[in-house]
Amino acid sequence: MSNEGQEVGGIHFPFPFPPYSIQKKFMAELYQVLEAGKIGIFESPTGTGKSLSLICGALSWLRDFEQKKLQAETCLLASGANPSCGVKDLHRSPSSSCQEPCNTPQAAGEPDWVTQYVQKKEERDLMERLKEEQVKRRQREERLQQISHDTRIRHAAKRQRREEEETEALLRLSREMLAEGAGAEQQEELESGEEQLLLAEYESDEERRTGRGDEGDLEEEHVTKIYYCSRTHSQLAQFVHEVQKSPFGKETRLVSLGSRQNLCVNEQVKNLGSVQLINDRCMEMQRSKHEKKNRAEEDRPKKRRQESQATCPFYNHEQMQLLRDEILVEVKDMEQLVTLGKEACACPYFGSRLAIPAAQLVVLPYPMLLHAATRQAAGIRLQGQVVIIDEAHNLIDTITGIHSAEVSGSQLCQAHSQLLQYMERYRKRLKAKNLMYIKQILYLLEKFVAILGGNIKQNPSTQSISRTGTELKSINDFLFQSQVDNINLFKVQRYCEKSMISRKLFGFTERYGVVVPAFPSPKEHSRLSGFQHFLQSLQPGAIGAPEDPVGEDQPSAPRPASPLMHIEGFLAALTTANQDGRVVLSRQGSLAQSSLKFLLLNPAVHFAQVVKECRAVVIAGGTMQPVSDFRDQLLACAGVEVERVVEFSCGHVIPPDNILPLIICSGPSNQQLEFTYQKRELPQMMDEVGRILCNLCNVVPGGVVCFFPSYEYQRQVHAHWEKSGLLTRLAVKKVIFQEPKKASQVEQVLMAYSKCIMRCSQAGGALTGALLLSVVGGKMSEGINFSDDLGRCVVMVGMPYPNIKSPELQEKMAYLDQTLPRIPGQVPAGRALVENLCMKAVNQSIGRAIRHQRDFASIVLLDQRYARPPVLAKLPAWIRDRVEVKTTFGSAFAAMRKFHREKSSGPV
């Protein structure tokens, strides 16, 4: 692969091949956004090389930034005179020369000698810090250079690890022999291993921040870096592969971050399956290792023997340091990282986090960057750094989802039962503050059940709720009506976090299995079996999973044994400012089916910290229209000045005649196409859609993908076609496939669809391909590549407006109407939200077809409402500029036949 040097605006951009003109503009604009410390909204359609433009543009800026900073430091250290000149430049814009005059304003009223003393002290401190940074940089470079040239280090690490294991085995054997010689120990009140379930003494606000044992010496200064995040691990892996193939692949220090589920190499832990179970077992093993290391030598050998079995062999700091260095030497994706961790006997999950300070490019999933507590736990520091959020079309929904929480009546009752029994068992061993906070949590759970209309002491599955329906309340009103406004939720949240009560409770329930109510009276013994059966039914895997809701990727994933973990998230959400969220009370027949949900109305409150700390933020995607959501709901509400926001949108690389976007206003029988909720279920509307598809399938080769507004409407239309015979007519030209509801079946359907199209193109005959019936917002509308023959035509049936009667959507609309100013001549912010949600879904779906420069496809929008100017304005520019509005179906059909006849290699 050649390395083509591209000069754009005086900036050198290494590129693996001659870039498109839009890629040059993209990189130049990105460079300026990073240099000026702004917020950029970048739109580049799929197939235009967006990932490579991001890589080469951002890493070119980072290369120049580091060079300028190094030159400024060298200049200051060499001159030794007036080093305060350019202090700010070293952190913000190091392009300024160190010879520029320095105008430090003198504080009003301060004597000259005080000002001079302070200035000289700042100069000395700066010189010392620069010298320390140079030493650290030199040591890091020497260490990485040594590793890259010395392949024997990995074998030495393995040998060292084996020696440590042999030594530990001998020590364990010696302790066992000593324990046996000492005779049987006196019977203890607690069972062996039960000590770890006890809560430590809680010191509240006076408690010092706990460290990670001996990890403190690994702390390293964070270099200037770029945090790149995307939605899925597969998208992150694809990005890493692009970096590997780019001109920066050999010289960039990159680290990929992921969850324990993706990076754990301990088979016993990984086989637990559930994300929560893996996390809990991992943290339990860490605590066992630290407790073992810090415990005095005189502890009982029996206890030490049990704890040694609970430690993870891969959680070793020396091995993880070696793994950290191996990560930084060469760009590796997550699979390579796991393989390396197994070979080095080191944990990739923690080893990758140790590599963050020295890394230049950190690749991570959305939640890890957008959730403050997760950022802190991972060791991510955003101060002065660059953040690139790719595939950001649903960024607002992502932030809202991350910071929303829902708990069911069953979870509330089960948590109360478990926590009550935990308290009764260890009451005499718990300190006063632990008991106080546990009683407060029990009180909260009782009141939450009460406001749903239930009783905490009864089986939630058999408790019927007299008043059903959905109710929204402000946070303050909910706390007041629940009668918990006298409890400081901030302190309760802090207690849950510091004491790890939910994890202790998890260990308690795991140890004793199904737990029955504590201290039952004789009258209750006869009813005990029924309640025991209820508790057992709440355990993970005991009952069948509920019907798979749309959009869930893992419907059968087991729930954690401790529901208090979910409830902690709900308690944390209740500490949000009153105006930024609502509590949704959903009363559905029984207490078990009812729930409490926190709905975040203002995602900007959580995004504000990101834009405040970072030097620059780039929000990028293939389809970012309409961008007003990002400007108004996210950036403006986060306090970002209008001048700091830069928008960039480029066209597509395909020739103008390779795409035919049509808006069809009426069907073959002159039926007006307007798929509103009132009209779309009419038989004549469903018949008209079938006739349109029959005509299109006659002239479109290969694959046709048809999107419906919902799964229910797709089912209704399919059933109607089957009854009327239209399905048989469609099957003459195309084999018909339907999008499955279960994520596990998507790959199977796509494979069959692809093979069918390939077989039809080779065999010839009456069948010319396949028709895929899909759903907007479903599995096929995002991230699926329908390139070439897989998607020669994309059909959108109606406009997929969200349910306007949804209480949550109505509350969001009301919030925006109150928060955002009304602009004359434009629709209110709440109404704009509904239209934008619809058009974002449309834009994502119709973008599935055109995937590269030589691709071609037609896009058909079946609804006359698409022709309205406000709706047209929200289509992507590369589609909007070429769209044709067809008032009659005859002219539309003629245009389709001509387009595909000219573009197809053979006769249609």
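Note that the coordinates shown come from a computational prediction; the quantities given were computed from them, not determined experimentally.

Rules and cut-offs
- Residues numbered from 1 in each chain as written.
- Predicted model: local features only at pLDDT ≥ 70, side-chain atom pairs only at ≥ 80, totals over all residues.
- Heavy atoms only, no water.
- Helix = DSSP H or I, 4+ residues; strand = E, 2+ residues; numbered from the N terminus.
- Buried < 20%, exposed > 50% of the residue type's maximum accessible area, 1.4 Å probe, protein only.
- Contact = heavy atoms within 4.5 Å.
- Areas by Shrake-Rupley, 256 points an atom, 1.4 Å probe, with all protein chains shown as cover.
- Phe/Tyr/Trp six-rings, centres within 6.5 Å; stacked < 30°, edge-to-face > 60°.
- Lys NZ or Arg CZ within 6 Å of the ring centre and 35° of its normal.
- Salt bridge = Lys/Arg side-chain N within 4 Å of Asp/Glu carboxyl O.
- Pairing = 2+ DSSP bridges.
- Axes fitted to C-alpha atoms, helices over the stretch in contact; angles between N-to-C directions.
- Disulfide = S-S within 2.5 Å.
- Parallel < 35°, antiparallel > 145°, perpendicular 65-115°, else oblique.
- Left-handed = near helix turned anticlockwise from the far one by under 90°.
- Nonpolar A, V, L, I, M, F, W, Y, C, P; charged D, E, K, R; others polar.
- pLDDT = per-residue confidence, 0-100.
- Core = buried A, V, L, I, M, F, W, Y, C linked by side-chain atoms within 4.5 Å.
- Expected span 1.5 Å × (residues − 1).
- 1 Å grid on protein atoms, 1.4 Å probe; cavity = no way out; pocket = protein on both sides within 12 Å on 5 of 7 lines; lining within 4 Å.
- Points joined across faces, edges and corners; volume = space filled by probe spheres on them.

Engineer: Any chance you could break down the overall build of the protein for me, citing the residues and the numbers?
Structural biologist: On a plain count of helices and strands, the protein comes out with 33 helices and 20 strands. Relative to its 908 residues, the protein shows a buried fraction of 51%. Taking the contacts inside the protein whose residues are at least 6 apart along the sequence as the reference set, 80% of them involve residues at least 24 apart. Accessible surface, the protein as shown: approximately 42,700 Å² in total, 49% of it carbon and sulfur.

Engineer: Give me the lowdown on the environment of C793, citing residues and values where you can.
Structural biologist: Examined against the element boundaries, C793 turns out to sit in strand β18 (residues 793-797). Placed 103 residues apart in sequence, C793 and M896 show a C-alpha to C-alpha distance of 9.6 Å. Discounting chain neighbours no more than four positions away, the residues touching C793 are V700, G703, V704, V705, S858, V860 and M896.

Engineer: How would you summarise the packing of aromatic side chains if you had to cite specific residues and measurements?
Structural biologist: Under the defined criterion, the tally for this structure stands at 22 aromatic pairs. A centroid spacing of 5.1 Å and a plane angle of 70° characterise the contact between Y315 and F350, whose relative ring orientation is edge-to-face. Taken together, the positions of Y315 in the loop between α9 (301-310) and α10 (317-329) and F350 in helix α12 (residues 348-354) put the pair 35 residues apart, joining distant regions of the chain. You can call F350 buried: its relative accessible area is 5%. In this structure an aromatic cluster arises from ring pairing among F26, F42 and F648. We note R680 situated over the ring of Y713; from NZ or CZ to the ring centre the distance is 5.0 Å.

Engineer: If you had to explain the pattern of salt bridges to someone new, which residues and values would you point to?
Structural biologist: Across all of its chains, the model carries 20 salt bridges by this definition. For R587, the salt bridge identified is with E471, shortest N-O distance 2.9 Å. With R587 in strand β10 (residues 581-588) and E471 in strand β9 (residues 469-474), the pair connects residues that are 116 residues apart, well separated along the chain. Owing to a relative accessible area of 5%, R587 belongs among the buried residues under this scheme. The exposure class of E471 is partly exposed, given its relative accessible area of 25%. Look at the salt bridges and you will find they share partners, linking K50, D390 and E391 into a network.

Engineer: I'd love a proper account of the side chain of Q385, names of residues and values included.
Structural biologist: In this structure, Q385 sits in the loop between α14 (372-378) and β7 (386-389). With residues near it in sequence (within four places) discarded, Q385 still touches H222, V223, T224, K225, Y227, C614, R615 and A616.

Engineer: If you had to explain the sheet that holds strand β13 (residues 645-649) to someone new, which residues and values would you point to?
Structural biologist: With parallel pairing, seven strands are arranged side by side in an open sheet as β5-β6-β4-β7-β12-β3-β13. Taken across any chain shown, the strands that pair with only one partner, and hence form the sheet edges, are β5 (254-256) and β13. Averaged over all pairs of adjacent strands, the angle between their axes in this sheet comes to 15°, without regard to strand direction. Bridging between strand β3 (residues 39-43) and β13 involves five bridges; their strand directions are parallel. In the sheet register, E43 faces β13, and the bridge partner there is S649. Seen against the sheet, helix α5 (residues 233-245) touches β4 (226-230), β5 and β6 (361-365) and runs at an angle of roughly 160° to β6.

Engineer: Explain the side chain of S53 to me, using residue names and the numbers behind them.
Structural biologist: Within the element layout of this structure, S53 appears in helix α2 (residues 50-79). For S53, a relative accessible area of 1% puts it in the buried group.

Engineer: Account for the state of the cysteines, with residues named and values stated.
Structural biologist: Under the counting rule described, the total for this entry stands at zero disulfides. Of all cysteine sulfurs in the structure, the one in C347 sits closest to C282, which takes part in no disulfide; the separation is 6.0 Å. Summary of cysteine pairing: C614 is not part of a disulfide, and the nearest cysteine sulfur, belonging to C229, is at 9.9 Å. Judged by its relative accessible area of 5%, C614 is buried.

Engineer: Mind laying out the packing of helix α25 (residues 683-699) against helix α33 (residues 889-903), listing which residues take part and the relevant values?
Structural biologist: Packed helix pairs are specified by the crossing angle of their axes together with the interaxial distance, meaning the distance between the axes. Where α25 contacts α33, the two axes come as close as 9 Å, and the packing angle between them is 25°. Considered as vectors, α25 and α33 are oriented roughly parallel to each other. The two elements α25 and α33 cross, and the hand of that crossing is right-handed. Residues I692, N695, L696 and V699 of α25 lie in contact with α33, whose contacting residues are F889, F893, M896, R897 and H900. Taken together, the residues of the contact of α25 with α33 break down into six nonpolar, two polar and one charged.

Engineer: Go over the confidence of the model for the protein, please, and point to the residues and values.
Structural biologist: Predicted coordinates in regions of low pLDDT should not be interpreted in detail. In this model, the protein carries an average pLDDT of 80, and 76% of its residues clear a pLDDT of 70 or more. The weakest mean pLDDT in the protein belongs to helix α21 (residues 528-537) at 39; the strongest belongs to β7 at 96. This model gives residues 182-188 a pLDDT under 50, and the stretch forms five contacts once residues within four places in sequence are excluded. Per-residue pLDDT stays below 50 along residues 205-218; that stretch engages in 18 contacts with residues further than four places along the chain or on separate chains.

Engineer: Outline the nonpolar core, supporting the account with residue identities and numerical values.
Structural biologist: Among the nonpolar cores identified, the biggest contains 63 residues, and I389, L395 and F607 are the most heavily contacted of them. Take this core: its biggest share by element is five residues, from helix α11 (residues 334-344). Not counting residues up to four positions away in its chain, the partners in contact with L395 are L370, I389, F607, I619, F630 and L634. The next biggest cluster of nonpolar side chains, apart from the first, holds 51 residues, and it includes V584, L601, C760 and C838.

Engineer: I'd like to hear about α10, residue by residue, with values.
Structural biologist: Compared with the 18 Å implied by 1.5 Å per residue over 13 residues, the 19 Å span of α10 between its first and last C-alpha is a close match. Burial in α10 covers these residues: H317, Q319, M320, L323, R324, D325, E326, I327 and L328.

Engineer: Which residues make up the sheet that holds strand β8 (residues 405-408), and what values go with them?
Structural biologist: An order of β8-β11-β10-β9 is seen for the four strands of this open sheet, with the pairing classed as antiparallel. The two strands at the open ends of the sheet, each matched to only one other strand, are β8 and β9. Adjacent strand axes in the sheet meet at a mean angle of 15°, parallel and antiparallel pairs treated alike. In the sheet, β10 pairs with strand β11 (residues 590-600) via seven bridges, with the strands oriented antiparallel. Among the inter-strand pairings, V584 is bridged to a residue of β11, identified as K597. Each of β9, β10 and β11 is contacted by helix α29 (residues 807-819), which is oriented at about 30° to β9, the strand it contacts most.

Engineer: Quick one: what's the story with empty space enclosed by the protein, residue by residue and with numbers?
Structural biologist: Under the counting rule described, the total for this entry stands at eight cavities of 30 Å³ or more. Within the residue set of the lining of the largest cavity, elements represented by two or more residues are α8 (275-294) and α12. The residue inventory of the lining of the largest cavity, partitioned by class, reads eleven nonpolar, two polar and one charged.

Engineer: Explain helix α1 (residues 21-36) to me, using residue names and the numbers behind them.
Structural biologist: With 16 residues, α1 should cover 22 Å at 1.5 Å per step; its first-to-last C-alpha distance of 23 Å lies within 8% of that length. Among the residues making up α1, those that are buried are I22, Q23, F26, M27, A28, L30, Y31, V33, L34 and E35. Count one or two residues on from α1 and you reach G37, which has phi positive near 70°.

Engineer: Would you mind going over the environment of L364 in detail, with residue names and values included?
Structural biologist: Mapped onto the secondary structure, L364 falls in strand β6. Residue L364 is classed as buried on the basis of its relative accessible area of 0%. C-alpha of L364 to C-alpha of I389: the two residues are 25 residues apart in sequence and 9.9 Å apart in space. Ignoring any residue separated from it by four or fewer positions in sequence, one finds L364 in contact with Y227, Y228, C229, S230, L236, L257, L369 and I380.

Engineer: Describe the packing of α25 against helix α26 (residues 711-724), and please don't skip the residues or the numbers.
Structural biologist: It is at 10 Å that the axes of α25 and α26 come closest, and there the two elements cross at 80°. As the angle between them shows, α25 and α26 are arranged roughly perpendicular. Residues P683, M686, D687, V689, G690 and L693 of α25 touch α26, and the partners they reach there are Y713, Q716, V717, H720, W721 and S724. A per-class count over the contact of α25 with α26 returns seven nonpolar, four polar and one charged.

Engineer: Can you tell me about unusual backbone geometry, naming the residues and giving the values?
Structural biologist: The omega torsion across Q625 and P626 is -10°, close enough to zero to call that bond cis. Here P626 shows up in the loop between β12 (616-621) and α24 (628-636). Positive phi values are uncommon outside glycine, yet C345 reaches one of about 55°. Look at D788: it is not a glycine, yet its phi comes out positive at around 55°. Mapped onto the elements of the fold, D788 is located in the loop between β17 (769-775) and β18.

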